[in-house]
Amino acid sequence: MEVPWETVASCRIISYTIVAMTDTQVEPRDKKEAGHRLFKKAFLTLAIILLLSVSYYTGYENGRENTGSTSEATLSPEDAIIINKKGDETIDFSLFWKVWELLKDKYVDRAGLDARELFYGAIDGMLAASGDPYTTFFSPEENREFNEDMSGTFEGIGAEMGMKDEIITIIAPLEGMPAEKAGLLPGDKIVKIDDVASSSYSLDQAVKRIRGPKGTSVKLTIFREGDEETRDIVVERGVISVKSVRSEVKEGNIAYIRVNRFGEDTDALFTEALKVAVRDQARGIIIDVRSNPGGFLDSAVEMASLMLPSGNIVVMEEDGTGKRKELKARGGDIASSFRTIILINEGSASASEILAGALRENRDNVTLIGKKSFGKGSVQELIPVGKDTSVKITVARWLTPDGHQINNAGISPDIEVGMTTEDREAKRDPQLDRALEELKK
């Protein structure tokens, strides 16, 4: 174990003093006096040696404890001193370049290395070390795919995925898309992707493996709650192009508005559907956000503003210091007087939960029906960091207007109604049926 520099320096100074004393020649006046002085000299030398030993041991132990605590304690990026030069440093970033050079010079297949992929991978690894699966880096390809996702047109299986209990989980298969047609359900845990354990992938890596050109297939080994064994589901990829909102009038003049995601077109389509319901003086309104994985926070706020009096709190953002920011309804309320039922399930996440929580906690005529929601209570900000790249960083947690944190806990419905595999196969919808019953009372 290395001894702190201060301890070593002190020991060297004391040792030098001892050597000077033991080398000094004394000429006594007589033997008795000489013997007496020799005794005192020997005693003093022994005492100093003993003191030196105690000092050295104490310094050594303190040094060892301090060294251990420094190496084991968490060092926040804010406190770290980042340098790229020789000297006494906390983090020497030249280590990165040393490893870069070693890989470039010694790696057996170095001819096949791609410098950009190495660079992007290093950034990926840094963000992954945060432990937050939603804080990620988007390479040019991933950035393009993300923008396609939010626009509603891309190729893949049509399912939103997230991390739950450290397992890649289906949050929501999109309505009418390959994932739903193949039988994937909200809450299905992905154990393997094409026979490779999903635990070997990050969330973004898993998404990339599952996506692909239309006409190709991917095999997912999933575990479903209530099953005793895993099952394999093969999904043929297709073109995913879905409007984020569709609406219809149900029997009894009840407006039904289905919201699949909170994307670029959601505000306009939802506003149009809501205006039709108001114009037709609907008996009630059903907003269906089941298996809706979320999307743009601003869309949720805009939609809530159409159904809440101006100034009501829609959601609160809480940053890392505990400071809270209230996002309020912006005006334009046209439907707060209508009895409203919101359908939620295990796949309702993020912006879906914000909308559901905002309407229930601000109004007395709102009822939630279905199953407890997914529980994604964090806010991500997409930040461009280059010409074609961006970083998605979790910047805050969100809370309902009453201050409830739902991350990993979800929102419980007022009326719990489940839906079985048999219901889906028989095209039954007991959750929607119950909502219609409630509005007809």
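How each quantity is defined
- Residues numbered from 1 in each chain as written.
- Predicted model: local features only at pLDDT ≥ 70, side-chain atom pairs only at ≥ 80, totals over all residues.
- Heavy atoms only, no water.
- Helix = DSSP H or I, 4+ residues; strand = E, 2+ residues; numbered from the N terminus.
- Contact = heavy atoms within 4.5 Å.
- Areas by Shrake-Rupley, 256 points an atom, 1.4 Å probe, with all protein chains shown as cover.
- Axes fitted to C-alpha atoms, helices over the stretch in contact; angles between N-to-C directions.
- Parallel < 35°, antiparallel > 145°, perpendicular 65-115°, else oblique.
- Left-handed = near helix turned anticlockwise from the far one by under 90°.
- Nonpolar A, V, L, I, M, F, W, Y, C, P; charged D, E, K, R; others polar.
- Buried < 20%, exposed > 50% of the residue type's maximum accessible area, 1.4 Å probe, protein only.
- Pairing = 2+ DSSP bridges.
- Right-handed = clockwise from strand over helix to strand, strands pointing away.
- Phe/Tyr/Trp six-rings, centres within 6.5 Å; stacked < 30°, edge-to-face > 60°.
- Salt bridge = Lys/Arg side-chain N within 4 Å of Asp/Glu carboxyl O.

### Looking at the overall build of the chain
The helix and strand tally for the chain stands at twelve helices and 21 strands. A separation of at least 24 residues holds for 66% of the contacts in the chain among residues at least 6 apart in sequence. Carbon and sulfur atoms make up 53% of the accessible area of the chain, which amounts to about 25,100 Å² in all.

### Quick word on the packing of helix H9 (residues 297-305) against helix H10 (residues 351-362)
One can describe the packing of H9 onto H10 by two numbers: an axis separation of 9 Å at closest approach and a directional angle of 25°. Between H9 and H10, the angle is such that the two are roughly parallel. In terms of crossing hand, the pair formed by H9 and H10 is right-handed. On H10, the residues touching Leu297, Ala300, Met303 and Ala304 of H9 are Ala351, Ile354 and Leu355.

### Side note on the packing of helix H8 (residues 266-279) against H9
Look at H8 against H9: their axes get within 9 Å of each other, and the N-to-C directions meet at 20°. Between H8 and H9, the crossing angle belongs to the class labelled roughly parallel. Here the hand of the crossing between H8 and H9 comes out right-handed. Contact with H8, carried on its side by Thr266, Asp267 and Phe270, involves Ser299, Glu302 and Met303 of H9 and no other residues of that element. For the contact of H8 with H9, the residue count by class is two nonpolar, two polar and two charged.

### Regarding the pairing of strand E13 (residues 254-259)
Among the six residues in E13, six count as buried, and that is most of the element. The two faces of E13 match: Ile254, Tyr256 and Arg258 on one face and Ala255, Ile257 and Val259 on the other face are all buried. Sheet analysis places E13 next to strand E14 (residues 284-288), joined by five bridges and oriented parallel. Across the sheet, residue Tyr256 finds its bridge partner in E14, namely Ile286. Of the crossover connections in this fold, the one passing from E13 over H8 to the parallel E14 is right-handed.

### Focus: the packing of aromatic side chains
Counted according to the given criterion, the structure contains six aromatic pairs. With centroids separated by 4.9 Å and ring planes inclined at 90°, the aromatic side chains of Phe96 and Trp97 adopt a geometry described as edge-to-face. Judged by its relative accessible area of 41%, Trp97 falls in the partly exposed class. Both rings, one in Tyr120 and one in Phe137, keep their centres 5.3 Å apart while their planes meet at 40°; by these two values the pair is tilted. With a gap of 17 residues between them, Tyr120 in helix H4 (residues 115-128) and Phe137 in strand E3 (residues 136-138) connect regions that are remote in the sequence. Of the two residues examined, Tyr120 and Phe137, each falls in the buried class. Through a chain of ring-to-ring contacts, three or more aromatic side chains come together here, namely Phe93, Phe96, Trp97 and Trp100.

### A short note on the pattern of salt bridges
Applying the stated criterion to the full structure yields 22 salt bridges. Between Asp195 and Lys219 there is a salt bridge, with the nearest N and O atoms lying 2.9 Å from each other. Residue Asp195 is found in the loop between strand E7 (189-193) and strand E8 (196-197), and its partner Lys219 is found in strand E9 (residues 217-223); the two are separated by 24 residues along the sequence. When its relative accessible area of 23% is taken as the criterion, Lys219 is described as partly exposed. A salt bridge links Asp265 to Arg261, with the nearest nitrogen and oxygen atoms 3.8 Å apart. The exposure class of Asp265 is partly exposed, given its relative accessible area of 24%. Taken together, the salt bridges that share partners define one network made up of Arg258, Asp288, Arg290 and Asp429.

### Points about the sheet that holds strand E17 (residues 340-344)
Strand order across the open sheet formed by six strands is E12-E13-E14-E17-E18-E21, with mixed pairing between neighbours. Each end of this open sheet is capped by a strand with a single partner; those strands are strand E12 (245-250) and strand E21 (415-416). Bridge analysis of E17 against strand E18 (residues 366-370) gives five bridges, and the strand direction is parallel. In the strand pairing of E18, Ile341 is matched with Thr367. With respect to the sheet, H8 is in contact with E12, E13 and E14, its orientation differing from that of E13 by roughly 175°.

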